[in-house]
Amino acid sequence: MIYKISSAFTPPPPEDFVSPMTWGVESHIIERFGQAGVPKDKISSSKDTYSFISPDKSPAELIELFRLFYGPTMNAFDAAEKSGKVGELRTQLVELANAQNKGTNGSTSIPATFLRVTVQL
């Protein structure tokens, strides 16, 4: 969801741009590695979860760290500054972080599902 929100504030990518989001789609992974000569039976994947955890930072503070250090979010904030929409972007990202937060007592624990891919060569 963070990519969806961020992309709404950035200019559209070039026509031949391959979205990093497609790396989370198994059929796209098989196709890409297949184009590189890797047989389908050498590719395996499984869904996994990474949790963004901070015992002493709120979801809003985590979004601020993303703003400073996480490329896609940095780019979205740069574009939002140019269009005068920083407040809107920040509000949407903080609302998302708060909604996804499983932490308690001021901590943050936000799970993020991803596709773990293993290629055997």
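Read on for a plain summary of the structure. Note that the structure is a prediction, hence the values are computed from the model and not measured.

Describing the layout of surface pockets
- Its boundaries defined by the atoms lining it, the largest pocket holds a volume of some 770 Å³.
- Lining the largest pocket are 25 residues; nearest its centre among them are M1, I2, Y3, A112 and T113.
- With 6 residues, the single largest contributor to the lining of the largest pocket is strand β2 (residues 108–119).
- Along the walls of the second largest pocket sit 14 residues, with S7, T10, F17, P20 and P72 positioned nearest its centre.
- When residues of the lining of the second largest pocket are traced back to their parent elements, those giving at least two are α1 (2–7) and α4 (71–83).

A few points about a nonpolar patch on the surface
- Nonpolar side chains collect at one region of the surface, where L65, L68 and F69 lie side by side and expose about 310 Å² of accessible area between them.
- Turning to its location among the elements, L68 is positioned in helix α3 (residues 59–69).
- L68 gets classed as partly exposed once you look at its relative accessible area, which sits at 46%.

Re α3
- What α3 keeps buried is the set P59, L62, I63 and F66. On an axial view of α3, the arc spanned by its buried residues comes to 100°, and they lie on one face.
- On its buried face, α3 sits against α1, β1 (43–54), α4, α5 (86–100) and β2.

Thoughts on the nonpolar core
- Judged by nonpolar contacts, the single largest core of 15 residues is most densely connected at I2, I5, F9, I63, L89 and L93.
- Broken down by element, the residue count for this core peaks at 5 residues, all from α5.
- What I5 contacts, discounting residues up to four positions off in sequence, is L89, Q92, L93 and L96.

Considerations on unusual backbone geometry
- Despite not being glycine, N105 has its phi angle at roughly 55°, a positive value.
- Counting through the fold element by element, N105 comes out in the loop between α5 and β2.

Observations regarding the side chain of S54
- For S54, the location among the structural elements is in strand β1.
- The class of S54 is buried, set by a relative accessible area of 10%.
- A polar contact of 3.1 Å, which involves the side chain of S54, links it to the backbone nitrogen of K57.

Thresholds, definitions, all that
- Residues numbered from 1 in each chain as written.
- Predicted model: local features only at pLDDT ≥ 70, side-chain atom pairs only at ≥ 80, totals over all residues.
- Heavy atoms only, no water.
- 1 Å grid on protein atoms, 1.4 Å probe; cavity = no way out; pocket = protein on both sides within 12 Å on 5 of 7 lines; lining within 4 Å.
- Points joined across faces, edges and corners; volume = space filled by probe spheres on them.
- Helix = DSSP H or I, 4+ residues; strand = E, 2+ residues; numbered from the N terminus.
- Patch = residues over 30% accessible without salt bridge, like charges linked within 9 Å, V, L, I, M, F, W, Y side chains within 5 Å.
- Areas by Shrake-Rupley, 256 points an atom, 1.4 Å probe, with all protein chains shown as cover.
- Salt bridge = Lys/Arg side-chain N within 4 Å of Asp/Glu carboxyl O.
- Buried < 20%, exposed > 50% of the residue type's maximum accessible area, 1.4 Å probe, protein only.
- Arc of directions from axis to C-beta.
- Contact = heavy atoms within 4.5 Å.
- Core = buried A, V, L, I, M, F, W, Y, C linked by side-chain atoms within 4.5 Å.
- Polar contact = N/O pair within 3.5 Å; in protein donor to acceptor, adjacent residues only side chain to side chain.

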